[in-house]
Amino acid sequence: MAVNFQALAEEFTKFYYAQFDSDRSQLGNLYRDHSMLTFETSQLQGAKNIIEKLVSLPFQKVAHRISTLDAQPSSPDMGSVLVMVTGELLVDEEQNPQRYSQVFHLIPEGGSYYVFNDIFRLNYS
């Protein structure tokens, strides 16, 4: 059965950003030891290192607002999916949102998906 990759991407990002915004320390089950995060200029590998980076970000409160979400299958037979997100974040008490782009490469595993690649970048004018 073919994967509805757009619905999968929407469901994944809704869960991911809701969890990130409420308690990003709980995102570890979405990554594996071979997963990689590029966050601005930092590259990290492994779920433990990725979560340590996310938890160490210098803000207490954050809210993601998705502007665009695009998805494509990334393999003809594996069921993996590429997800590209653009949006805005509000951190702590800031009134001016920051624009961001994020790409996820989702890999199927046991009836679910995990994040193999995660690339995050703030977008400056």
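Everything discussed here concerns the structure shown above.
Residues numbered from 1 in each chain as written. Predicted model: local features only at pLDDT ≥ 70, side-chain atom pairs only at ≥ 80, totals over all residues. Heavy atoms only, no water.

A.B. asks: Before we move on, could you go through the overall build of the protein and cite the residues and values that matter?
C.D. replies: Assigned secondary structure in the protein consists of two helices and six strands. In sequence order, the secondary structure elements of the protein are arranged as α-β-β-α-β-β-β-β. Projected onto its principal axes, the C-alpha coordinates of the protein cover approximately 45 × 30 × 25 Å. Here the protein holds 125 residues, and the buried ones make up 41% of them. Taking all contacts inside the protein whose residues are at least 6 apart in sequence as the whole, residues at least 24 apart take part in 47%. (Helix = DSSP H or I, 4+ residues; strand = E, 2+ residues; numbered from the N terminus. Buried < 20%, exposed > 50% of the residue type's maximum accessible area, 1.4 Å probe, protein only. Contact = heavy atoms within 4.5 Å.)

A.B. asks: Can you break down the packing of aromatic side chains residue by residue, with the values?
C.D. replies: Going through the model one piece at a time under the given rule, you end up with nine aromatic pairs. Here the aromatic rings of Tyr-16 and Phe-104 are separated by 4.9 Å at their centres, their planes lie at 65°, and the arrangement is edge-to-face. Note that Tyr-16 is positioned in helix 1 (residues 5-23) and Phe-104 in strand 5 (residues 98-109), a separation of 88 residues in sequence. Relative to Tyr-100, the ring of Tyr-17 lies with its centre 6.0 Å away and its plane at 70°, an arrangement referred to as edge-to-face. Separated by 83 residues along the polypeptide, Tyr-17 in helix 1 and Tyr-100 in strand 5 bring together distant segments of the chain. For Tyr-100, a relative accessible area of 0% translates into the label buried. Members of the aromatic cluster, connected to one another through ring pairs, are Phe-12, Tyr-16, Tyr-17, Phe-20, Phe-39, Tyr-100, Phe-104 and Phe-120. (Phe/Tyr/Trp six-rings, centres within 6.5 Å; stacked < 30°, edge-to-face > 60°.)

A.B. asks: Requested: an account of the nonpolar core, with residues and values cited.
C.D. replies: In terms of nonpolar packing, the biggest core is built from 33 residues, with Tyr-16, Phe-20, Leu-27, Tyr-31, Leu-54, Val-83 and Phe-104 touching the most fellow members. Contributions of two or more residues to this core are made by helix 1, strand 1 (31-39), helix 2 (47-55), strand 3 (62-73), strand 4 (81-91), strand 5 and strand 6 (112-123). No other element matches the six residues that helix 1 contributes to this core. If near-sequence neighbours (up to four positions away) are discounted, Val-83 is found in contact with Ala-9, Thr-13, Leu-69, Asp-70, Ala-71, Gln-102, Val-103, Phe-104 and Leu-106. (Core = buried A, V, L, I, M, F, W, Y, C linked by side-chain atoms within 4.5 Å.)

A.B. asks: Any chance you could break down the sheet that holds strand 4 for me, citing the residues and the numbers?
C.D. replies: If you walk across this open sheet you meet the six strands as 2-1-6-5-4-3, and the pairing is mixed. Edge strands, defined here as strands with exactly one partner in the open sheet, are strand 2 (42-45) and strand 3. The mean angle between the axes of side-by-side strands here comes to 15°, regardless of whether they run parallel or antiparallel. Both strand 5 and strand 6 contribute to a ladder of eleven bridges, which runs antiparallel. Bridged to Gln-102 within strand 6 is Phe-120. (Pairing = 2+ DSSP bridges. Axes fitted to C-alpha atoms, helices over the stretch in contact; angles between N-to-C directions.)

A.B. asks: Could you give an account of unusual backbone geometry, with specific residues and numbers?
C.D. replies: The phi torsion at Glu-40 lies on the positive side, around 55°, for a residue other than glycine. Summarising the element assignment, Glu-40 is placed in the loop between strand 1 and strand 2. One non-glycine residue with positive phi stands out, namely Asp-92, at about 45°. Positionally, Asp-92 belongs in the loop between strand 4 and strand 5. Owing to a relative accessible area of 33%, Asp-92 belongs among the partly exposed residues under this scheme.

A.B. asks: Please set out the side chain of Glu-40 residue by residue, giving values where relevant.
C.D. replies: Judged by its relative accessible area of 18%, Glu-40 is buried. Reaching out from Glu-40, the side chain makes a polar contact with the backbone nitrogen of Leu-122 at a distance of 2.4 Å. (Polar contact = N/O pair within 3.5 Å; in protein donor to acceptor, adjacent residues only side chain to side chain.)

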